[in-house]
Amino acid sequence: MIENLKKIFTDFETSGKFLATGLTGVLVDNAVLVFTHTFLGIPLALSKAASTESAILVNFAINDNWTFEKSDQPGTVWRRLAKSNSIRIVGLAISVLAILVLNKELGIPLIAANMLSIGAGFIFNYTLESFAWKMHEE
């Protein structure tokens, strides 16, 4: 596992693709949030859930077809998507909770609150996945 991580972070092509994919996800998340909440008037919690899930799906599609296209990907695309989504579902809930607190309770502007909520979800997902990989090593 450590060798795989070293390879990812020393393979600048893959790292660059991964970073570009993540930035695309942030743009998608913000665009969907602003459109659904500001323009359509959908409640913030539902808009944030939709924006996060949209970013998750876009990131999965890009990573699956571009970032990691050369890797040996086990299972069908649907199985990989289900596994990926199941890992990120708690991060989605954390993002929704974070934006509600940041925007509604603390008055932080929508986009700033969303960027912070994306960060909170990312930290949780990264920690969870790191823990899961560590369990596989033992």
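Residues numbered from 1 in each chain as written. Predicted model: local features only at pLDDT ≥ 70, side-chain atom pairs only at ≥ 80, totals over all residues. Heavy atoms only, no water.

Let's hear about the nonpolar core: which residues, and what values?
Among the nonpolar cores identified, the biggest contains seven residues, and these are Leu 33, Leu 44, Ala 98, Ile 99, Leu 102, Leu 110 and Ala 113. For this core, the elements supplying multiple residues, two or more each, are helix H4 (77-105) and helix H5 (110-137). If you tally residues by element for this core, the top one is H4, at three residues. (Core = buried A, V, L, I, M, F, W, Y, C linked by side-chain atoms within 4.5 Å. Buried < 20%, exposed > 50% of the residue type's maximum accessible area, 1.4 Å probe, protein only. Helix = DSSP H or I, 4+ residues; strand = E, 2+ residues; numbered from the N terminus.)

Give me the lowdown on the confidence of the model for the chain, citing residues and values where you can.
When the pLDDT values of the chain are averaged, the result is 82; 77% of them are 70 or greater. Of all the helices and strands in the chain, helix H1 (residues 2-10) carries the lowest mean pLDDT, 56, while helix H3 (residues 44-67) carries the highest, 90. Confidence over residues 133-138 falls short of pLDDT 50; this stretch has three contacts with residues more than four positions distant or in other chains. (pLDDT = per-residue confidence, 0-100. Contact = heavy atoms within 4.5 Å.)

Give a description of the pattern of salt bridges that names residues and reports values.
Enumeration over the complete set of coordinates arrives at one salt bridge. With a closest N to O distance of 3.0 Å, Lys 48 and Asp 29 form a salt bridge. In this pair, Lys 48 sits in helix H3 while Asp 29 sits in helix H2 (residues 12-39), placing the two residues 19 residues apart along the sequence. Comparing Lys 48 with Asp 29 shows no difference in burial state: the two are buried. (Salt bridge = Lys/Arg side-chain N within 4 Å of Asp/Glu carboxyl O.)

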